[in-house]
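Chain by chain, the residues:
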Amino acid sequence: MGCDRLQVKVVPLKSVDQEELRILAAYIHEACLEEQKYAPEAKELLKIGEADLVRSLEWSEAGWWVARQERGPEESRPLGLVRIAAGGEGGRTAVLSGLYVTPEYRRRGIGRLLVETALAEAKEEGLWQATVLVAETNPAVDFYRALGFNVRRQAAMIGYLFMTLSLKEWEPSPGRDKDVSSGL
Ligand SMILES: CC(C)(COP(=O)(O)OP(=O)(O)OC[C@H]1O[C@@H](n2cnc3c(N)ncnc32)[C@H](O)[C@@H]1OP(=O)(O)O)[C@@H](O)C(=O)NCCC(=O)NCCS
């Protein structure tokens with residue numbers, strides 16, 4: 001990919017078409033397979049989680065955000081996705097799940113753009129902290145640390161960490177365009 005600049009836009013699920021939905025379901029499957037490498041003992045739970053996440057793609061208000069490469073007025077394709085749902089006490093915690101960026105586009109800031117877009121929206125809606133469960137050997141732990149998350153504790157699920165970020169003082173990275181499109 002050299003130094004080609006990528007035009008990536010983060011959009012809510014309701015903006016994607018059927019073909020993109022099919023690709024997103026395949027990404028959720030890939031994410032589940034990848035996570036099994038880090039948490040083989042959670043295989044059955046991950047499969048249940050995968051089925052739930054795929055089902056939620058049928059619901060346009062499911063809290064999914066999609067990173068989409070814009071290649072022209074008629075041409076675009078998804079490169080990654082993340083889901084954010086309100087949970088916790090009083091529904092004021094943003095619970096992240098289903099984060100995935102297709103491997104050949106990793107380490108170009110797409111994961112950060114996705115999660116920060118979802119968090120900015122959650123903060124605007126009055127949520128005050130974000131949480132995520134991550135398998136402790138998954139490099140995604142470093143990704144979440146880079147975004148400001150801290151390990152809160154071992155999760156009830158063996159081999160998983162419970163990571164949190166307070167949204168009270170949190171701001172997205174500078175340089176993130178207002179319309180969340182970005183030349184990465
Ligand atoms: C985790 C994931 C979404 C990161 O996406 P990404 O687009 O590559 O992330 P970014 O480029 O935005 O990374 C932002 C920062 O996070 C950190 N980071 C990202 N991936 C990392 C890795 N594999 N190892 C160490 N640090 C990493 C770096 O500090 C990076 O900044 P840098 O590239 O300037 O050093 C991607 O690796 C992925 O899809 N993994 C498989 C699915 C998964 O594990 N999901 C999480 C389940 S909880």
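None of the values given here were measured: they were computed from a predicted structure. (Residues numbered from 1 in each chain as written. Predicted model: local features only at pLDDT ≥ 70, side-chain atom pairs only at ≥ 80, totals over all residues.)

A. Fine view of the nonpolar core. In this structure, Val 66, Ala 67, Val 82 and Leu 114 are the most contacted members of the largest nonpolar core, which totals 43 residues. If you list the elements that add at least two residues to this core, you get strand 1 (7-12), helix 1 (18-38), strand 2 (64-70), strand 3 (76-87), strand 4 (93-101), helix 3 (110-124), strand 5 (129-135) and strand 7 (160-166). Here this core gets 7 residues from one element, more than from any other, and that element is helix 3. Beyond its immediate sequence surroundings of up to four residues, Leu 114 is in contact with Val 10, Trp 65, Ala 67, Gly 80, Val 82 and Leu 99. (Core = buried A, V, L, I, M, F, W, Y, C linked by C-beta atoms within 7 Å. Buried ≥ 20, exposed ≤ 12 C-beta atoms within 10 Å, placed from the backbone. Helix = DSSP H or I, 4+ residues; strand = E, 2+ residues; numbered from the N terminus. Contact = placed C-beta atoms within 7 Å.)

B. Molecular detail of the pairing of strand 4. Pairing of strand 3 with strand 4 involves 7 bridges; the strand directions are antiparallel. Across the sheet, residue Leu 81 finds its bridge partner in strand 4, namely Tyr 100. In textbook terms, the turn of a hairpin is the stretch between consecutive antiparallel strands, and for strand 3 and strand 4 this stretch comprises 5 residues, one of which, Gly 88, has a positive phi near 70 degrees. Bridge count between strand 4 and strand 5: 3 bridges; the pairing is parallel. When the bridges of strand 5 are listed, Ala 94 appears paired with Ala 130. Note that the unit made of strand 4, helix 3 and strand 5 has a crossover that is right-handed. (Pairing = 2+ DSSP bridges. Right-handed = clockwise from strand over helix to strand, strands pointing away.)

C. Geometry of the packing of helix 1 against helix 2 (residues 43-56). For the pair helix 1 and helix 2, interaxial distance at closest approach is 10 Å and the crossing angle is 165 degrees. On the basis of their axis angle, the class for helix 1 and helix 2 is roughly antiparallel. Like other packed secondary-structure pairs, helix 1 and helix 2 cross with a definite hand, here right-handed. Facing Ala 25, Ile 28, His 29, Cys 32, Glu 35 and Gln 36 of helix 1, the residues of helix 2 in contact are Lys 43, Leu 46, Lys 47, Glu 50, Leu 53 and Val 54. Of the residues belonging to the contact of helix 1 with helix 2, the class tally is 6 nonpolar, 2 polar and 4 charged. (Axes fitted to C-alpha atoms, helices over the stretch in contact; angles between N-to-C directions. Parallel < 35°, antiparallel > 145°, perpendicular 65-115°, else oblique. Left-handed = near helix turned anticlockwise from the far one by under 90°. Nonpolar A, V, L, I, M, F, W, Y, C, P; charged D, E, K, R; others polar.)

D. Structural detail: the site of the ligand. As a structural note, the neighbourhood of the ligand is formed by 21 residues, with Arg 106, Gly 111, Arg 112, Pro 139 and Ala 146 the closest of them. Listed by contribution, the elements that provide at least two residues to the shell around the ligand are helix 1, strand 4, helix 3, strand 5 and helix 4 (140-146). At 4 residues, the largest contribution of residues to the shell around the ligand is made by helix 4. When its residues are assigned to classes, the shell around the ligand shows 11 nonpolar, 3 polar and 7 charged. (Near = placed C-beta within 6 Å.)

E. Expanded view of unusual backbone geometry. The phi dihedral of Arg 107 is positive, around 60 degrees, even though this residue is not glycine. Here Arg 107 shows up in the loop between strand 4 and helix 3.

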